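Residue-level listing of the chains:
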Amino acid sequence: MNPDEKEDCECAPPQAESNPTGGYDRLQEESTFENAEASRMKRAAAKHLIERYYHQLTEGCGNESCSNDCCASCPSFHRMDNNAAAVKALELYKVNAKLCDPHPSKKGTSSAYLENSSINSTGHHNLACGNRKMNHKELHPVREDFKDVSFLTEEKVYEILESCGEKEDYSPLIRVIGRVFSSAEGLVQSFRRSKQHTKEELKSLQAKDEDKDEDEKEAATAAAGSASAMEEGGMDLEASSSSQPGDGGDGQKLGPDEVSVDIEAVRRVYWRLLCNEKVEAAFLNALVYLSPNVECDLTYHNVYSRDPNYLNLFVIVMENSNLHSPEYLEIALPQFCKAMSKLPLPAQAKLARLWARYRTDQIRRMMETFQQLITYKVISNEFNSRNLVNDDDAVVAATKCLKIVYYANVLGGDIDTEHNEEEDEEPLPESSDLTLQELLGEERRNKKGPRVDPLETELGARVSDCRRPLIPFEEFINEPLNDILEMDKDYTFFKVETENKFSFMTCPFILNAVTKNLGLYYDNRIRMYSERRITVLYSLVQGQQLNPYLRLKVRRDHIIDDALVRLEMIAMENPADLKKQLYVEFEGEQGVDEGGVSKEFFQLVVEEIFNPDIGMFTYDESTRLFWFNPSSFENEGQFTLIGIVLGLAIYNNCILDVHFPMVVYRKLMGKKGTFRDLADSHPVLSQSLKELLEYEGSVEEDMMITFQISQTDLFGNTLMYDLRENGDKIPVTNSNRKDFVNQYAEYMLNKSVEKQFKAFRRGFHMVTNESPLKYLFRPEEIELLICGSRNLDFQALEETTEYDGGYSKDSRIIRDFWDTLHSFSEEQKRLFLQFTTGTDRAPVGGLGKLKMIIAKNGPDTDRLPTSHTCFNVLLLPEYTTKEKLRDRLLKAITYAKGFGML
């Protein structure tokens, strides 16, 4: 080897030296753009350089005559272990030591290592020592590295892909993807939608000679408005991104749910590229480098307000169908979620509107991506009361991102933003405690909690507006998260609303009904304690009689008169007392109300109120549902009191045997009834109107109906009602029958019962107006709260039951008890639940959530079993035979009524 060759092998420090050769002049020009990205690529470049030093210390460059003392190929080099080499590599990087390029004999084994180190920490290209004597001709067209590509189009990707395929070397493509997808600016400019060409432009493009060289073709494309040739034509990147906010980069104005990125082109590109493992790794690594910079841009630089096209970045990344794969779950996806969660509210709303237009499978893929990350983090960490899941940045960020997908799912479904109930004209009566509450800071606390989601307000649509989402709401619930969530802590964060503590109650879609019910329970209890404290202070300040509870003393035979009169007085004098803890006492009975007496009180009241003989509600035998009687003689105050009873049941965590159609709960949540709700409440009428809409003949001639309808009151009298003015003179025709059907439904579900329902809703809101009920629950979940679960799974009850007083699950009497209970009929099982728990309905979550205790109550005896309904305790004597157990248990549950002291 001659001295010149030896000089070519030796390495220079990793700074590009200036050279008068023309090829190097071009490299100097290219480095100007590279320097612009130096800050973003610094970490990546530093890592690559340290890897090169490490590779040099452990394997060497392959040149046996290497004179670099810090190269394993140097004859005088002292070998070291891997740990020492890693430390030494860091030291060499800090002092900018000499760095060898692999000898030709080593290049085959280290190509990937070379590909990753094409750019050093200053942004200049390292030049191989052996290339120093190359002239311009040798340096340029031999291999196209596409170093001047700063953003991508679909055509450019295919061009690079074709070039790499011909050479069977995909390293240029990997480097381009790494450069563009790790740069926010590059990604925002990529895959822009092209301006629609006029006919004259299309003819001009078609007339171009196909033999023109590549530069001419690119110039013609640029003239036609293609974004891919901006840089080829010498246009600066800053100039290309200087479009006005709200336009698509070509002067095109964007709609509220439009972005300037060509989404279909992005999908086609991903489809072509993700099948290559090396290319997929480039996407993964680029996302790791991109996310922290994006998070910083959104947090500190308010970048979206300056350029709405910044949203393109998130649209492009979320089209990657491999985001849910294990490689992304550890670092890349959590970092990206953190960045995405920093998007301002208008940007989140725009994403939701955009994704709402996606197909169901595309929305489901995004939903599953975030759900998988949440589940992975929950399962792989040990969360408890000291290590809260609320403090895990990845879980919190993924939940916030999932919220955007959730609202896209709502907007893309069957949604009705009209047909809203009017708010009560007069406000609910204020408590006389207002001044004292203000002094104690209570008013501010009660009114501060979030009642409407900010994103919901920004979108102008509520979850209750959606009848059927693209994906069922239940699929957004994350059960592993619900299992480890400390709801008492989460509720505290929900009420305090601190910026550094996240509450999952602000994203109720991810919580199941059991978890949300627990949050509502905490809210109700804290409100009760607050009212109790205020009462004590009043008694001290004003000398009033201490009355910390909402006490109701009723006669069993006159329960409606006693209860409703007392509640009416409270509602008129001081509505705040309705938020105290309920305490019921039956006159002449010894029962102490720890919950069980209240349960029976509610059941007896409901039985009386919904008795068809009273006439407040009508009953449909076919559906077994009640509806408001439009011709009831009861005044509005009676319906207000019924609403109060329902509100008190939720507030005191009691289940009622109430049978309303779903439209009632939708109306309570602020939605009017429509024709679609008639199928539940008035199935026969709904079917008749449906047949009218589908009738193929002449409606006017064959049916001879008008816009006047008739109803029958309680006494059989016929009442007429005009759906339009002079409705008896307006025939229903094929053209106006749809309006007739809508008007009919409007009358039956809204207008005919308007006074009754408004009074009912007013009473309900007297108790629940400050509760997060509407914020947390959907209409079907409100029904579950009030009525409990209709599914009675006694097997689940057996698995969760506890034993006391000497009994265990293996005791003979216990085995006989469960055999007997499972053999009961459905009605007998309901009677048993009524006897033991005070209600024949299962709580939210099913019987598995009911904590029943069976305790020993002495040896064999002729006495019947007894129960503490307040605590769900069954006191069971140790009967000697299974037959005796069955006989005594059936008598106890069949004839049980009233309370006494044991």
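Source: prediction; values computed, not measured.

Enquirer: Is there a simple way to explain the overall build of the protein in this structure?
Expert: A tally of regular secondary structure across the protein gives 42 helices and 12 strands. The 902 residues of the protein split such that 50% are buried. Pairs at least 24 residues apart make up 75% of the contacts formed inside the protein by residues separated by at least 6 positions. Total accessible area computed for the protein in this model is approximately 43,700 Å², and 48% of it derives from carbon and sulfur atoms.

Enquirer: Hey, could you run me through the side chain of serine 789 in this one?
Expert: Take serine 789: it is sitting in the loop between α38 (779–787) and α39 (794–800). Look past the residues within four positions of serine 789 in its chain and what remains in contact with it is Leu784, Arg841, Ala842, Pro843 and Gly846.

Enquirer: Which parts of the structure should I look at to understand the confidence of the model for the protein?
Expert: When pLDDT drops low, the exact placement of atoms in the prediction is not to be read closely. Of all residues in the protein, 77% attain a pLDDT of 70 or more, and the chain-wide mean is 79. Every residue in residues 105–143 is under pLDDT 50, and counting partners more than four places away or in other chains gives 86 contacts. Per-residue pLDDT stays below 50 along residues 204–246; that stretch engages in 45 contacts with residues further than four places along the chain or on separate chains.

Enquirer: Would you mind going over the environment of isoleucine 650 with me for this structure?
Expert: Tracing the chain through its elements places isoleucine 650 in helix α30 (residues 636–651). Exposure remark for isoleucine 650: the relative accessible area of 8% places this residue in the buried category. Between the C-alpha atoms of isoleucine 650 and asparagine 517, which are 133 residues apart in sequence, the distance is 9.7 Å.

Enquirer: Honestly, the pattern of salt bridges in this entry has me stumped. Any pointers?
Expert: Pairing between side chains becomes possible if they bear opposite charge and their charged atoms approach one another. Under the criterion given, the structure shown has 34 salt bridges. Residues arginine 527 and glutamate 770 are paired through a salt bridge, measuring 3.2 Å at the closest nitrogen-oxygen approach. With a gap of 243 residues between them, arginine 527 in helix α27 (residues 513–542) and glutamate 770 in the loop between α36 (754–768) and α37 (773–776) connect regions that are remote in the sequence. Look at arginine 527 and you get buried, because its relative accessible area is 3%. For arginine 778, the salt bridge goes to glutamate 780, with nearest N and O atoms at 2.9 Å. Classification of arginine 778 as buried rests on a relative accessible area of 11%. Beyond isolated ion pairs, a larger network of salt bridges with shared partners links Asp860, Asp862, Lys884, Asp887, Arg888 and Lys891.

Enquirer: I'm lost on the pairing of strand β7 (residues 708–712) in this one. Help?
Expert: For a regular strand, the rule is simple: side chains alternate between the two faces of the sheet. Side chains of β7 alternate between two faces, with Ile709 and Gln711 buried and Gln708, Ser710 and Thr712 left unburied. The pairing of β7 with strand β8 (residues 718–722) spans 5 bridges and is classified as antiparallel. The residue of β8 that forms the bridge with glutamine 711 is leucine 719.

Enquirer: Honestly, a nonpolar patch on the surface in this entry has me stumped. Any pointers?
Expert: Taken together, the side chains of Val536, Leu540 and Val541 define a hydrophobic patch exposed on the protein surface, amounting to about 300 Å² of accessible area. In this structure, valine 536 sits in helix α27. Using a relative accessible area of 34% as the deciding quantity, one classes valine 536 as partly exposed.

Enquirer: Quick question: what am I supposed to make of α38 here?
Expert: Given 3.6 residues per helical turn, the α-helix brings residues three or four places apart onto the same face. Burial of α38 is extensive: 7 of the 9 residues sit out of reach of the surface. What α38 keeps buried is the set Pro779, Glu781, Ile782, Glu783, Leu785, Ile786 and Cys787. Following α38 by one or two positions, glycine 788 has its phi on the positive side, about 75°.

Enquirer: How should the packing of aromatic side chains be read in this particular structure?
Expert: Between two aromatic rings, the relevant description is the distance of the centres plus the angle of the planes. Summed over all chains, the structure comprises 34 aromatic pairs. When the centroid spacing of 5.8 Å and the interplanar angle of 40° are considered together, the rings of phenylalanine 494 and tyrosine 775 count as tilted. Of the two residues, phenylalanine 494 is situated in helix α26 (residues 487–496) and tyrosine 775 in helix α37; the sequence distance between them amounts to 281 residues. What makes phenylalanine 494 buried here is its relative accessible area of 1%. Given the relative accessible area of 11%, tyrosine 775 is considered buried. For the pair phenylalanine 617 and phenylalanine 639, a centre-to-centre distance of 6.0 Å together with 65° between the ring planes defines the contact as edge-to-face. In this pair, phenylalanine 617 is assigned in strand β5 (residues 617–620) and phenylalanine 639 in helix α30, connecting sequence segments 22 residues apart. Residues phenylalanine 617 and phenylalanine 639 agree in their burial class; the two are buried. Clustering of aromatic rings is evident, with ring pairs tying together Phe610, Phe617, Tyr619, Phe626, Trp627, Phe628, Phe639, Phe660, Phe757 and Phe760.

Enquirer: Looking at this model, I keep getting lost on the packing of helix α33 (residues 683–694) against helix α35 (residues 737–751). Mind explaining?
Expert: Between two packed helices, the angle of one axis relative to the other and the distance separating the axes together describe the packing. Where α33 meets α35, the axes come as close as 9 Å, and the angle between the chain directions of the two elements is 165°. Taken together, the axes of α33 and α35 are roughly antiparallel relative to one another. Like other packed secondary-structure pairs, α33 and α35 cross with a definite hand, here left-handed. Across the interface between the two elements, Leu685, Leu689, Leu692 and Leu693 from α33 touch Arg737, Lys738, Phe740, Val741, Tyr744 and Met748 from α35. Considered class by class, the residues forming the contact of α33 with α35 number 8 nonpolar, no polar and 2 charged.

Calculation criteria
Residues numbered from 1 in each chain as written. Predicted model: local features only at pLDDT ≥ 70, side-chain atom pairs only at ≥ 80, totals over all residues. Heavy atoms only, no water. Helix = DSSP H or I, 4+ residues; strand = E, 2+ residues; numbered from the N terminus. Buried < 20%, exposed > 50% of the residue type's maximum accessible area, 1.4 Å probe, protein only. Contact = heavy atoms within 4.5 Å. Areas by Shrake-Rupley, 256 points an atom, 1.4 Å probe, with all protein chains shown as cover. pLDDT = per-residue confidence, 0-100. Salt bridge = Lys/Arg side-chain N within 4 Å of Asp/Glu carboxyl O. Pairing = 2+ DSSP bridges. Patch = residues over 30% accessible without salt bridge, like charges linked within 9 Å, V, L, I, M, F, W, Y side chains within 5 Å. Phe/Tyr/Trp six-rings, centres within 6.5 Å; stacked < 30°, edge-to-face > 60°. Axes fitted to C-alpha atoms, helices over the stretch in contact; angles between N-to-C directions. Parallel < 35°, antiparallel > 145°, perpendicular 65-115°, else oblique. Left-handed = near helix turned anticlockwise from the far one by under 90°. Nonpolar A, V, L, I, M, F, W, Y, C, P; charged D, E, K, R; others polar.

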